[in-house]
Number of protein chains: 4
Amino acid sequence: MVQVAVCGPGECSPEEAEAARAVGGLLARAGAVVVCGGYGGVMAAAAAGAREAGGTVVGVLSGRDRAGASPDLTVALPTGMGEARNAVIVRAADAVIVVGGSWGTLSELALAMRGGTPVVTLGGWRVVDASGAPVPGPVAAAGPADAVRLALRGR
Amino acid sequence: MVQVAVCGPGECSPEEAEAARAVGGLLARAGAVVVCGGYGGVMAAAAAGAREAGGTVVGVLSGRDRAGASPDLTVALPTGMGEARNAVIVRAADAVIVVGGSWGTLSELALAMRGGTPVVTLGGWRVVDASGAPVPGPVAAAGPADAVRLALRGR
Amino acid sequence: MVQVAVCGPGECSPEEAEAARAVGGLLARAGAVVVCGGYGGVMAAAAAGAREAGGTVVGVLSGRDRAGASPDLTVALPTGMGEARNAVIVRAADAVIVVGGSWGTLSELALAMRGGTPVVTLGGWRVVDASGAPVPGPVAAAGPADAVRLALRGR
Amino acid sequence: MVQVAVCGPGECSPEEAEAARAVGGLLARAGAVVVCGGYGGVMAAAAAGAREAGGTVVGVLSGRDRAGASPDLTVALPTGMGEARNAVIVRAADAVIVVGGSWGTLSELALAMRGGTPVVTLGGWRVVDASGAPVPGPVAAAGPADAVRLALRGR
């Protein structure tokens, strides 16, 4: 079973939502389980896309209960752990696709890189070193299909 | 979506395994998602029972990867958090069914009671106060069907 | 550096508070750091006892901030992780002294036993197997001095 | 009690170590408790600086025991939670000072920003948006004294 996390801000642009929905659908059609933070924005769009395609979506929630959870989750897992749940999301994933930027999203990108989990990005924030050069690691995708292809590469 | 955690030792008696398998199957047939620790013994038996009945089983693993995970999980979520993942298992559950006794299992029972999640027990250890009287809270079931009935009561 | 966790209910009897205060003081005088949950009842009494004796007390809080923390902590560590922080308290300890009984307290006792950390009890709840026999592991102390002696034995 | 986290890579340059040591010393002299990840590099240098100045240093370790912990910690707290402990470090801090760059360090910066904790940076990686503009939030300091001044501003 391949599991891919889709991470992104809880409030996002229509373009980001569209990309996340496409990513969720493509992952589901490829047979991958989608793991996400379970709330709105990019998370909800990825869940909706995967659900429409008949896939399985696990939402790992920061809260103590299901309040605010996307209706498209197959399973909602309240952790009651706050943002420490970001570490759980990425640890559960074979690869992480990041859509858009926010501090919570960036923490997931960084935790994934720290743990050796491949990260694919669709837009969003970038990390540069003191000289302004991109820090190597995350791979930028050209679009949703490219992102899913890169995330599933070799699996 | 109703989610019920089935908790018990990673090494168990044939009777406990049989009970856990029955519980898993009954939960799946009732439409409940089974959440468990994802490894052997009671966890594996509950997963097998649910999977046989066509249900969904989420294993919340203590380890950093899927090593040792039951083959019957729908989704395996490595947390890398060690025993702190026990808190995640019970927080994700609407009710907890305990089969058999071990210290890890007892920690899940206690965390569930602490968090206000109903606990149903099938055998296993018991908690008594200084006078030897049972501490109220966990409800003893007469068998797997009774355990599932009690766990789903009112849902 | 020896670190001993003192665990007990956030609301306790005067006798339990007195015992916890004595335990905290004796640990501090023995040069041990006291780790606790950082709130009221047994936790606050242990912190007060250690502080009076010039010791160091670390409170590992379940909340996102210091609200409700005992004023006698040397360091208050909000974790925002809810009851998952109980796993942190016992993992940080070389030994655990339990004073009194509650579900949260029992989860700490069980997590400590699960992780191989010695547990000493002063009153509180007991764990028995199906036959009513005590489950071996936790060691009952005769009083605060005995509890501290047992917790520091061999260190 | 003011608590400031000092975050940075476990392997660092001599210049970063020197800066971290200065930061640790200045925090201790200002009466702040230093919280860090407890291992080598920037963490160890900050701990050493604080210890030399008579301060209190709490190391929140990712491992299950004290293996690899800096000898300069006042208290070493093994969490056994892996990188999820990064969330604990920043939640425990009133402000975070980042020295140098690594993925683990960036996850702490991002988790702090996500949780509303002020972040001050001394060198290290930077976060830019799609247009290349710096994402506002973290404040760049001119040197160790400036970093400590900014972190303690208003406290």
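Provided above is the structure to which this section pertains.
Residues numbered from 1 in each chain as written. Chains lettered and ligands numbered in written order. Predicted model: local features only at pLDDT ≥ 70, side-chain atom pairs only at ≥ 80, totals over all residues. Heavy atoms only, no water.

Q: Give a description of the overall build of chain A that names residues and reports values.
A: Across its full length, chain A carries 5 helices and 8 strands. Starting at the N terminus, the α and β elements of chain A follow one another as β-α-β-α-β-β-α-β-α-β-β-β-α. Its C-alpha radius of gyration of 14 Å places chain A within 12% of the 15 Å reference for a compact globule of 155 residues. Per-residue burial for chain A yields a buried fraction of 62% across its 155 residues. Of all intrachain contacts in chain A linking residues separated by at least 6 positions in sequence, the fraction that spans at least 24 positions is 56%. As displayed, chain A offers around 5300 Å² of accessible surface, 52% of which is attributable to carbon and sulfur atoms. Positive and negative charge centroids in chain A, built from 12 and 12 side chains respectively, lie 8 Å apart. (Helix = DSSP H or I, 4+ residues; strand = E, 2+ residues; numbered from the N terminus. Rg over C-alpha atoms; globule rule 2.2 N^0.38 Å. Buried < 20%, exposed > 50% of the residue type's maximum accessible area, 1.4 Å probe, protein only. Contact = heavy atoms within 4.5 Å. Areas by Shrake-Rupley, 256 points an atom, 1.4 Å probe, with all protein chains shown as cover. Lys, Arg positive; Asp, Glu negative; His and termini not counted. Charge placed at Lys NZ, Arg CZ, Asp CG, Glu CD.)

Q: So what's going on with the interface of chain B and chain D? Which residues, and what values?
A: Contacts between chain B and chain D engage 4 residues on the former and 4 residues on the latter. Summing both partners gives a buried area of about 280 Å² for chain B against chain D, and 54% of it is carried by carbon and sulfur. When residues of chain B are sorted by the area they lose upon contact with chain D, Arg64, Gly80 and Met81 of chain B head the list and together hold 74% of the total. Here chain B is connected to chain D by 0 salt bridges. If you look at where chain B meets chain D, you find 0 residue pairs in polar contact (both at pLDDT 80 or more). (Buried area = accessible area lost by both parts, 1.4 Å probe. Salt bridge = Lys/Arg side-chain N within 4 Å of Asp/Glu carboxyl O. Polar contact = N/O pair within 3.5 Å; in protein donor to acceptor, adjacent residues only side chain to side chain.)

Q: Give a description of the sheet that holds strand E8 (residues 139-140) of chain D that names residues and reports values.
A: Paired through their backbone hydrogen bonds, the strands of a sheet run either parallel or antiparallel. Residue and element names in this part refer to chain D. Here we have 7 strands laid out as an open sheet, ordered E4-E3-E2-E1-E5-E6-E8, and parallel in their pairing. What marks the edges here is a single partner per strand, and that holds for strand E4 (75-78) and E8. Sheet analysis places strand E1 (residues 3-7) next to strand E2 (residues 33-36), joined by 3 bridges and oriented parallel. Looking at the pairing, Val4 lines up with Val34 of E2. Sheet strands touched by helix H4 (residues 103-114): E1, strand E5 (95-99) and strand E6 (119-122). Its angle to E6, the strand with the most contacts, is close to 150°. (Pairing = 2+ DSSP bridges. Axes fitted to C-alpha atoms, helices over the stretch in contact; angles between N-to-C directions.)

Q: Explain the sheet that holds strand E3 (residues 57-61) of chain B to me, and be specific about the residues and the numbers.
A: Residue and element names in this part refer to chain B. The sheet built from 7 strands is open, its strands ordered E4-E3-E2-E1-E5-E6-E8 with parallel pairing. Each of the sheet's edge strands pairs with one partner strand only, and the pair in question is strand E4 (75-78) and strand E8 (139-140). Helix H1 (residues 14-29) rests against strand E1 (3-7), strand E2 (33-36), strand E5 (95-99) and strand E6 (119-122) of the sheet, and its axis sits at about 155° to E5.

Q: Give a detailed account of the relation of the copies chain D and chain A, specifying residues and quantitative values.
A: Placing chain D over chain A gives an RMSD of 0.0 Å and needs a rotation angle of 180°, together with 0.0 Å of translation along the axis. Taken together, the rotation and translation relating the two chain copies correspond to the operation of a two-fold axis. When the interface residues of chain D are mapped onto chain A, 100% of them are again interface residues, pointing to one common binding face. (Least-squares fit on C-alpha atoms with pLDDT ≥ 70 in both.)

Q: Just give me the short version of helix H1 (residues 14-29) of chain D, but keep the residues and values in it.
A: Residues and elements named next belong to chain D. A rise of 1.5 Å per residue sets the reference length of H1, with its 16 residues, at 22 Å; its end C-alpha atoms lie 23 Å apart and thus fit the reference within 8%. For H1, every residue scored as buried is listed here: Ala19, Ala20, Val23, Gly24, Gly25, Leu27 and Ala28. Where the residues of H1 are buried, they touch E1, E2, helix H2 (41-52), E5, E6 and helix H5 (144-152). Looking one or two residues past H1, Gly31 carries a phi angle of roughly 90°, positive in sign. (Expected span 1.5 Å × (residues − 1).)

Q: Residue-level account of the packing of H1 of chain D against H2 of chain D, with values.
A: Residues and elements named next belong to chain D. The geometry of H1 relative to H2 is characterised by a closest axis approach of 7 Å and an angle of 40° between their N-to-C directions. The handedness of the crossing between H1 and H2 comes out as right-handed. Two secondary-structure elements touch here, H1 through Glu16, Ala17, Ala20, Arg21, Gly24, Gly25 and Ala28 and H2 through Val42, Ala45, Ala46, Ala48, Gly49, Ala50 and Glu52. Of the residues that constitute the contact of H1 with H2, the class distribution is 8 nonpolar, 3 polar and 3 charged. (Left-handed = near helix turned anticlockwise from the far one by under 90°. Nonpolar A, V, L, I, M, F, W, Y, C, P; charged D, E, K, R; others polar.)

Q: Could you give an account of the packing of aromatic side chains, with specific residues and numbers?
A: All names here are of chain A. Counted according to the given criterion, the structure contains 4 aromatic pairs over all chains. Relative to Trp125, the ring of Trp103 has its centre 4.9 Å away and its plane inclined at 75°; by these criteria the two rings are edge-to-face. Note that Trp103 is positioned in helix H4 (residues 103-115) and Trp125 in the loop between strand E6 (119-122) and strand E7 (126-128), a separation of 22 residues in sequence. Take Trp125: its relative accessible area is 18%, and that puts it in the buried class. (Phe/Tyr/Trp six-rings, centres within 6.5 Å; stacked < 30°, edge-to-face > 60°.)

Q: Describe the relation of the copies chain B and chain D, naming the residues involved and giving the relevant values.
A: In screw terms, the move from chain B to chain D is a rotation of 180° and a rise of 0.0 Å along the axis, fitting with an RMSD of 0.0 Å. Interface residue correspondence from chain B to chain D reaches 100%, placing this contact among same-surface, isologous pairings.

Q: I'd like a rundown of the pattern of salt bridges, residues and numbers included.
A: According to the stated counting rule, one finds 20 salt bridges over all chains in the structure shown. Put simply, Arg66 of chain C and Asp94 of chain D hold a salt bridge, and the shortest N to O gap is 3.0 Å. In this pair, Arg66 of chain C sits in the loop between strand E3 (57-61) and strand E4 (75-78) while Asp94 of chain D sits in the loop between helix H3 (85-91) and E5, so the two residues belong to two different chains. Taking the shortest distance from any N to any O, the salt bridge between Asp146 of chain C and Arg149 of chain C comes out at 2.7 Å. Of this pair, Asp146 of chain C and Arg149 of chain C both sit in helix H5 (residues 144-152), 3 residues apart, which is roughly one turn of the helix. Taken together, the salt bridges that share partners define one network made up of Glu83 and Arg85 of chain A together with Arg114 of chain D.

Q: Got a sec to walk through the interface of chain D and chain A? Specific residues and values, please.
A: Each partner contributes to the interface: chain D provides 25 residues, whereas chain A provides 25 residues. Taking both sides of the interface into account, the surface hidden between chain D and chain A amounts to around 2200 Å²; carbon and sulfur atoms contribute 73%. With 9 residues, H4 of chain D is the single largest residue contributor to the side of chain D that touches chain A. For the side of chain D that touches chain A, the residue count by class is 16 nonpolar, 5 polar and 4 charged. As paired strands, E7 of chain A and strand E7 (residues 126-128) of chain D are joined by 3 bridges and run antiparallel to one another. Bridge pairing in E7 of chain D places Val127 of chain A opposite Val127 of chain D.

Q: Give me the packing of helix H1 (residues 14-29) of chain A against helix H5 (residues 144-152) of chain A: which residues, what numbers.
A: All names here are of chain A. Orientation of H1 relative to H5, taken along the N-to-C sense of each, is 45°, at an axis distance of 9 Å. Taken together, H1 and H5 sit at an angle that is classed as oblique. Note that H1 runs across H5; the crossing there is right-handed. Contacts between H1 and H5 involve Ala19, Ala22, Val23, Leu26 and Leu27 from the first element and Pro144, Ala145, Val148 and Leu152 from the second. Considered class by class, the residues forming the contact of H1 with H5 number 9 nonpolar, no polar and no charged. (Parallel < 35°, antiparallel > 145°, perpendicular 65-115°, else oblique.)

Q: Which residues make up helix H2 (residues 41-52) of chain B, and what values go with them?
A: Residues and elements named next belong to chain B. The terminal C-alpha atoms of H2 lie 17 Å apart, and with 12 residues this matches the ideal 16 Å at 1.5 Å per residue to within 8%. Taken residue by residue, H2 has Val42, Met43, Ala45, Ala46, Ala47, Ala48, Gly49 and Ala50 as its buried positions. The elements touched by buried residues of H2 are E1, H1, E2, E3, helix H3 (85-91) and E5. With its phi angle positive at about 80°, Gly54 sits one or two positions after the end of H2.

Worth remembering: the numbers are spatial, not functional.
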